[in-house]
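# Structural description and commentary
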Amino acid sequence: MDWDEEYDLLGAAGAAGRSSFSDRARNASHDDDDVPIPAARPADVPFILPAEEETPLQQLIRHWTNERNCPDILPAQEELLVSVLDHIRRQSQTVQLLREDVSTSEDEHVRIMLAQTEMERVKFIVRSYVRTRHYKVSDIVDIS
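The residue count restarts for each chain, going from 1 along the sequence in the order it is written. The predicted origin of the model limits local features to residues at a pLDDT of at least 70 and limits the giving and counting of side-chain atom pairs to 80 or more, whereas totals for whole chains, interfaces and linings rest on all residues. Side-chain numbers here rest on the full set of heavy atoms in the structure, without hydrogens or water.

Glancing now at helix 4 (residues 78–100). Three or four residues apart is the spacing at which side chains of an α-helix point the same way, because the helix has 3.6 residues per turn. Compared with the 33 Å implied by 1.5 Å per residue over 23 residues, the 33 Å span of helix 4 between its first and last C-alpha is a close match. Summary of the burial criterion: residues with accessible area below 20% of their type's maximum are buried, those above 50% are exposed, and those between are partly exposed, where the area comes from a 1.4 Å probe applied to protein chains only. A run of DSSP states H or I qualifies as a helix once it reaches four residues; a run of E qualifies as a strand once it reaches two. Both are numbered from the N-terminal end. For helix 4, the set of buried residues is Leu80, Leu81, Val84, Ile88 and Val95. Multiplying one less than the number of residues by 1.5 Å gives the expected span of a helix.

Here it is as structure tokens:
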């Protein structure tokens, strides 16, 4: 029996009133290493965490992704950008002080490099967010 025949048999069995795969898996006998499958969550329960539990970086990434994927310009996140940029500025000053310190060990230099890499990643997200918004605004102005 090939894959197509098995698929057709499974489709015919499902159409004949059998339960879904999830229901069959939930009701199957359990082995020692099986993990119980939770019941399906109701549709009215949101899967995404509320925005107040997100860090500023997570919020920025969410807004950046939304802005890039939405054809229209979304409301600006000025306060979030200001707070993230202030944090980057303070962290950059701290890193610069640590780099200038002669008593900094080799392990601390590695940590400093990791912090700098993370700062560059955040700066990329900020630049991309602003660039996307600028492109959309200039597109609107050109059309008018």
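Turning our attention to the confidence of the model for the chain. What pLDDT expresses is the predictor's confidence in each residue, scored from 0 to 100. The predicted model of the chain averages 81 in pLDDT, with 63% of residues at 70 or higher. Per-residue pLDDT, averaged within each element of the chain, yields its smallest value for helix 1 (residues 3–15) (62) and its largest for helix 3 (residues 56–69) (95).

The space that makes up the largest pocket amounts to roughly 160 Å³. Around the largest pocket, the lining residues are Pro56, Leu57, Ser83, Val84, His87, Ile88, Gln91, Ala115, Glu118, Met119 and Val122. The leading source of residues in the lining of the largest pocket is helix 4, at five residues. Ten residue types, Ala, Val, Leu, Ile, Met, Phe, Trp, Tyr, Cys and Pro, are classed as nonpolar, four, Asp, Glu, Lys and Arg, as charged, and the remainder, Gly among them, as polar. Taken together, the residues of the lining of the largest pocket sort by class into seven nonpolar, three polar and one charged. Of the grid points, spaced at 1 Å and generated over the protein atoms alone, those admitting a 1.4 Å probe that cannot get out make up cavities, while open sets with protein on both sides within 12 Å along at least five of seven lines make up pockets; any residue with an atom within 4 Å of a point is treated as lining. Grid points are joined across faces, edges and corners, and a volume is the space filled by probe spheres set on the points.

Quick look at the environment of glutamine 91 now. Here glutamine 91 shows up in helix 4. Note: C-alpha distance between glutamine 91 and alanine 115 (24 residues apart in sequence) is 8.3 Å. The criterion used for residue contact is that any of the two residues' heavy atoms lie within 4.5 Å. Glutamine 91 has contacts with Ala115 and Met119, leaving out every residue within four places of it along the chain.

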